[in-house]
Amino acid sequence: MLVAFSVAPSGSDESGSVAKAVAEAIRIVRESGLPNETNAMFTLVEGDWDEVMDVVKRATEAVQASASRVSLVLKADIRPGYSGQLRAKVERIEEHLSDTS
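Recorded in UniProt for the protein, the comment headed Sequence similarities (unreviewed entry) runs: "Belongs to the UPF0045 family."

(A) Spotlight on the pattern of salt bridges. Within this structure, the stated rule accounts for 4 salt bridges. With a shortest N-O distance of 2.6 Å, Arg 87 and Glu 37 are connected by a salt bridge. In this pair, Arg 87 sits in helix 3 (residues 85-98) while Glu 37 sits in strand 2 (residues 36-38), placing the two residues 50 residues apart along the sequence. The exposure class of Glu 37 is partly exposed, given its relative accessible area of 32%.

(B) Highlighting the pairing of strand 1 (residues 2-9). Extensive coverage of strand 1 is indicated by the burial of 7 of its 8 residues. Sheet analysis places strand 1 next to strand 3 (residues 43-46), joined by 4 bridges and oriented antiparallel. Bridging from a neighbouring strand, Ala 4 pairs with Leu 44 of strand 3. As defined by bridge partners, strand 1 adjoins strand 4 (residues 70-77) across 8 bridges and the pair is classed as antiparallel.

Rules of the game
Residues numbered from 1 in each chain as written. Predicted model: local features only at pLDDT ≥ 70, side-chain atom pairs only at ≥ 80, totals over all residues. Heavy atoms only, no water. UniProt positions renumbered as here; feature names shortened; annotations may be inferred. Salt bridge = Lys/Arg side-chain N within 4 Å of Asp/Glu carboxyl O. Helix = DSSP H or I, 4+ residues; strand = E, 2+ residues; numbered from the N terminus. Buried < 20%, exposed > 50% of the residue type's maximum accessible area, 1.4 Å probe, protein only. Pairing = 2+ DSSP bridges.

Structural data, given as structure tokens:
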């Protein structure tokens, strides 16, 4: 399964930033050992249901440690029997984009 999620405190620090709290969540993801990727809006994680949901839960708890209210957005692609899709899905699109015929 692939999960794209975004977790952040509902409030920000004095500078208006949520980066410190979000960094703690991403640290949890990276330390999980699961394939992952972070961009400006979401963090993607690949693994089986229990592994991925555990990481999302722990990342959310990390943000919640510094905030009384947390926002979580999650989108999942559940496709049993497939792995390596974090990169493979993008590669398939790139193949079509480079097709000149």
